[in-house]
Each structure stands twice: as C-alpha cells, then as structure tokens.
Amino acid sequence: MTPALRRRLERLLERHHEVGLLLAQPDAADDPARFRELSREYAQTQELADAFAASEKNARELEHARAMLADPDLRELAREELAQLQAERERLDERLMSLLIPRDPLDDASLFLEVRAGTGGDEAALFAGDLLRMYLRYAERKGWRAQLLSTHEGEHGGYKEAVARIEGAGAYAALKFESGTHRVQRVPVTEASGRIHTSAATVAILPEMEAIADIELRDADLKIDTFRASGAGGQHVNKTDSAVRITHLPTGIVVECQDERSQHKNRARALSLLKARLLDQKRAQQTAEQAATRKLQVGTGDRSQRIRTYNFPQGRVTDHRINLTLHQLPQILDGDLDELTGALRREAHAEALAALGESA
C-alpha cells in the first residue's frame, strides 16, 4: 500500500470513529435528517473498518504461524496454516483496496437504457434488437425489474431505437460501462453471397435520479405532445392519447414514453428520462477533458467511441478498452455478462487506485 493510500485509510478510519461518537450523543436523533446522514456514513465506513480489523487479525496470525516454523514438531502444521493465511491475505488486501476507492453515489440508482441502430441499415436495427434482448436477459438473470418505455421498430425487425428502464440493486454499477458504440460482424440473413457485413449500434446508460437539484426544467423550455401509443397493449392503447413526447427546446432533446396506460404516469416518466439525459450531457461536458487521459472512458457521454465488437463467424466478443476477448458470443448475447462487466469494474478500480496512489 502506497503512503497516499495508507493516509486515506487512516483518515477514513478516524472519520468512522468520529461518526460513531456523534451517533452515540444523547441528542443525536433530535435532527432526523442529520441523524440519517450520519447513520448512512457510518454504515458505509463500517465495511472498511471490518475489513481493516480482519486484515490486522490476519497479520497477527501470519506472524504466529511463521514463528511456529522454528519448532520441528509444528513445522508441517505451520506450513499448511501459512498457505491458508497467505491466500486469505490476498483476498483481504484486494477487498481493503477496493473499499478505499471513493464510492460512486449513483451505483444503486435505477437507470435508463437507450439502444439505437447506427450504420448498417436493417442489419443495424436487428443488432440493436439483439443488444436490447441481451441487456433485458441480463436484468432478468440479476432479478432486476425492466420496463420498456418506448420503441421504434425497424422495417425488417429489430429496433431503430428503444428505451428501457431498469431498476434493481447494483444495476447502474454493473451497466455504467456499457455506454458507447457496439459493432457487429456477421453475415446478414438477406446476404445471398455470404459476405460478412459490419454494422453498429450505440448504447447509452443514464442513471435515474430521485431528485436532480441542479437540473431545472422550465415550462417555457418544454414542448409536450400527446399521442396514441403504438405496438402491443390491447385495444386501450389505440383509443386514448396516453403516450407523451417532450421536446426540450434549448437543447433539442426529445424523449417519449408510451408504456403506461396513464398519461400522467407517462409524463412523469418522460420528465425523469429528460432530466437524466440533461444531467448526462452536463456530466459529459465536465469530465470530457479528464476522460481524454483515461484508458477506460466511463461516464463521459462519449457515444462515438467503439467499445466492443461482436464477431459472429469467430464466435468472439472483444472489449477494445481493456483488450479482453471472450469466445462466448452465444452466452453473452443471452445475457451472461458477468465476466465482461466484472473485468471492466476491476479495470476501473485499478485506475482509481492508481490515481489515489499518485495523489499527495
């Protein structure tokens, strides 16, 4: 552990102790809002305190096991114990280091998933449909709730554009690295000569905020239209103007929601999506310069970056940001994304630790 990381650990442990003392004060609950804030902070640092305590205990046990090596009668037992303790040490060190990384407050947020067909015509729309299904299957595997908000189907299947909302513990933390351009290489169904075509679709992952204080929506900046929802949904969707389309006039951003039967609910969901897009745009502007120097461009709003290629003839998926290739294309398209998302999170953790280690 570098000196900078050691200092950060010490500061966090001191703060944990300080917050514990504040919560123990007789008048701690007199201010409910502050009490909740302190309780949340204490819970977040408790995991770090527990990991540090386990690391210290492991260090003492390792020292004792090494001392046992000097006794011929205990040497064999000591070697076995050392092997177990050293393996545990690696796990504890990794856990402790990950807890030192500042936590993204949005990690537990619900999210909006946007998939759009890019270059490639009908094949791009079909690929966008494949990506949408992949993420919805992943959400299903994780036990998250997924809800399609709006879709614009391609002429021969798939989607020109689709927007879904995903809600569940850790959803944004797992999917926030998916934003960017996804490329597919395969032989289209309509290709008679068997030539491989390259098409693309873009993915945007936008966190949904319960309250976005720094994003103000003025009525004068909004153009709100209602229309009849299209697609499946029974007779009701064809008889009422329940779908809502909102245009943000200053930026030209257009959002719509047609999933709910209630126009009021669709309007609320569309406003939430609009706020998420505006916040994403604002965050992108603020972090673009910093992100230009990073290997893993996450959360920058840069949709032009080609992040991943799905090669059907070779059955492989390559993430270009971390040079990871997996020959598991069918499983991945069926929603088995854990290996990909885990590798991206580890890379992001490594970058964050490196930045912390270099800080004063």
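Right above here is the structure, for reference.
Everything quoted here is computed from the prediction, not taken from an experiment.

### As for unusual backbone geometry
Right, on to step 1. Phi is positive for Asn323, close to 55 degrees, though the residue is something other than glycine.
Right, on to step 2. In this structure, Asn323 sits in the loop between strand S10 (316–319) and strand S11 (324–326).

### Some words on the nonpolar core
Right, on to step 1. Ranked by size, the top nonpolar core spans 37 residues in total, and within it Leu113, Leu131 and Tyr310 carry the most contacts.
Right, on to step 2. Mapped onto this core, the elements with two or more residues apiece are strand S1 (111–117), helix H4 (122–142), strand S3 (159–167), helix H5 (171–175), strand S5 (197–207), S11, helix H7 (329–333) and helix H8 (338–358).
Right, on to step 3. For this core, the element with the highest residue contribution is H4, accounting for 8 residues.
Right, on to step 4. With residues near it in sequence (within four places) discarded, Leu131 still touches Val115, His182, Ala201, Val203 and Tyr310.

### A look at the pairing of strand S9 (residues 306–311)
Right, on to step 1. With respect to burial, S9 is a largely interior element, 5 of its 6 residues being buried.
Right, on to step 2. Across 5 bridges, strand S4 (residues 180–186) lies against S9 in parallel orientation. Note on S9: the bridge partner recorded for Gln185 is Asn311.
Right, on to step 3. Direction of pairing for S9 relative to S10: antiparallel, over a ladder of 4 bridges. Its bridge partner lying in S10, Thr309 is registered against Thr318.
Right, on to step 4. Counting the residues in the hairpin turn of S9 and S10 gives 4 residues, including Gly315, whose phi is positive at 60 degrees.

Conventions we followed
Residues numbered from 1 in each chain as written. Predicted model: local features only at pLDDT ≥ 70, side-chain atom pairs only at ≥ 80, totals over all residues. Heavy atoms only, no water. Helix = DSSP H or I, 4+ residues; strand = E, 2+ residues; numbered from the N terminus. Core = buried A, V, L, I, M, F, W, Y, C linked by side-chain atoms within 4.5 Å. Buried < 20%, exposed > 50% of the residue type's maximum accessible area, 1.4 Å probe, protein only. Contact = heavy atoms within 4.5 Å. Pairing = 2+ DSSP bridges.

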